[in-house]
Structure formats: C-alpha cells, structure tokens
Amino acid sequence: VQLVESGGGLVEPGGSLRLSCVGFGFTFSNYYMSWYRQAPGKERELVARISGAGGDANYADSVKGRFTITRDNAKSTLYLQMNSLKPEDTAVYYCNGLSIRFPWGQGTQVTVSS
C-alpha cells in the first residue's frame, strides 16, 4: 500500500492550489478518504473527508467554503481544491483513510506567503 501526494507549492494569499493523492495497492473506492495537514509545531489535523462513492464530504470549520475534496475512483486519485488560501493554511498536506490508517506518504508542502 502506498499513498503519493503532489501539487503543493508556494502561493500568495488569496491564491489557489489543487492537490492530488494517488493510492496504490488497495481498492481505493472501498474507503472513505481524507486530507490532513500538519503545520510546524502543531498536531496533524483532519481537513476534509469524502465517502467511497464521493457523494458525502465534510470539512473542518477552518476550510469550509474555501476547500473542496473530490475523488476519481477510476484513477484511484483523491483531490483537494484549495481556494482563497491564507497564511494559516501553510502546512504539509497528507491523504489517508478515515477509519483505517494506511502508511503515510511523504506529503506535499503548501506555503502561503506574500
């Protein structure tokens, strides 16, 4: 089992990024999937989650209305569209299951700064 995140980068406040996460070695569509983030010196936190079929999504209050989680099960890929980014969104972003923990990937760094 492997999770590979990509799409991070440096963006100015108010900008947008789209993160991707590809899952290998398991039946991707069988699992709720989630995005997490960890800022320097802070605990890893849940950002958003989505059901296996993609019809049910939930968000942390801090990102609600700005971030959108989606998935393409045919490509075993999870996405996070991030709009109206703020400096406090700066973190390493990871994907993983919700009720099951796969081995963590390397994450993708998102830095929001002017």
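Residues numbered from 1 in each chain as written. Predicted model: local features only at pLDDT ≥ 70, side-chain atom pairs only at ≥ 80, totals over all residues. Heavy atoms only, no water.

### A word on the overall build of the protein
Step number 1: Scanning the protein from N- to C-terminus turns up zero helices and 10 strands.
Step number 2: Mapped from its N terminus to its C terminus, the protein presents α and β elements in the order β-β-β-β-β-β-β-β-β-β.
Step number 3: Projected onto its principal axes, the C-alpha coordinates of the protein cover approximately 40 × 25 × 25 Å.
Step number 4: Counting every position in the protein, which comprises 114 residues, the buried fraction comes to 43%.
Step number 5: For the protein, contacts bridging at least 24 residues in sequence account for 53% of all contacts bridging at least 6.
Step number 6: Of the roughly 5700 Å² of accessible surface on the protein, a fraction of 47% belongs to carbon and sulfur atoms.
Step number 7: Looking at charge distribution, the protein has the averaged site of its 11 positive side-chain charges lying 3 Å from that of its 9 negative ones. (Helix = DSSP H or I, 4+ residues; strand = E, 2+ residues; numbered from the N terminus. Buried < 20%, exposed > 50% of the residue type's maximum accessible area, 1.4 Å probe, protein only. Contact = heavy atoms within 4.5 Å. Areas by Shrake-Rupley, 256 points an atom, 1.4 Å probe, with all protein chains shown as cover. Lys, Arg positive; Asp, Glu negative; His and termini not counted. Charge placed at Lys NZ, Arg CZ, Asp CG, Glu CD.)

### Re the side chain of Asp89
Step number 1: Along the chain, the position of Asp89 falls in the loop between β8 (77-82) and β9 (91-97).
Step number 2: For Asp89, a relative accessible area of 1% gives the class buried.
Step number 3: Looking at Asp89, its side chain comes within polar contact range of the side chain of Arg66, at 2.7 Å.
Step number 4: A polar contact of 2.8 Å, which involves the side chain of Asp89, links it to the backbone nitrogen of Lys86.
Step number 5: Setting aside residues up to four positions removed in sequence, Asp89 forms contacts with Arg37, Arg66, Phe67, Ser84, Val110 and Val112. (Polar contact = N/O pair within 3.5 Å; in protein donor to acceptor, adjacent residues only side chain to side chain.)

### So, the side chain of Arg66
Step number 1: Along the chain, Arg66 turns up in the loop between β6 (57-59) and β7 (67-72).
Step number 2: Contact partners of Arg66, with chain neighbours within four places excluded, come to Gln81, Met82, Asn83, Ser84, Leu85, Lys86 and Asp89.

### Some remarks on the sheet that holds strand β2 (residues 9-11)
Step number 1: Pairing in this open sheet of six strands is mixed, and the strands run β2-β10-β9-β4-β5-β6 from one edge to the other. Only two strands of the sheet have a single neighbouring strand rather than two, namely β2 and β6. Averaged over all pairs of adjacent strands, the angle between their axes in this sheet comes to 25 degrees, without regard to strand direction.
Step number 2: Sheet topology places strand β4 (residues 33-38) next to β9; six bridges connect them, and they run antiparallel. (Pairing = 2+ DSSP bridges. Axes fitted to C-alpha atoms, helices over the stretch in contact; angles between N-to-C directions.)

### Considerations on the state of the cysteines
Step number 1: In this structure the tally under the stated criterion is one disulfide.
Step number 2: Two residues share a disulfide in this structure: Cys21 and Cys95, whose sulfurs sit 1.8 Å from each other. Across the S-S bond of Cys21 and Cys95 the torsion is about 50 degrees, and the bridge reads as right-handed. You can see Cys21 sitting in strand β3 (residues 17-24) and its partner Cys95 sitting in strand β9, a full 74 residues away along the chain. (Disulfide = S-S within 2.5 Å.)

### A short note on the sheet that holds strand β1 (residues 2-6)
Through backbone hydrogen bonds, the strands of a sheet pair up, either in parallel or in antiparallel fashion.
Step number 1: Read across the open sheet, the four strands follow the order β1-β3-β8-β7; overall the sheet is antiparallel. Looking at the sheet topology across the chains shown, the edges are occupied by β1 and β7. In this sheet, neighbouring strand axes are inclined to one another by 15 degrees on average, regardless of whether the strands run parallel or antiparallel.

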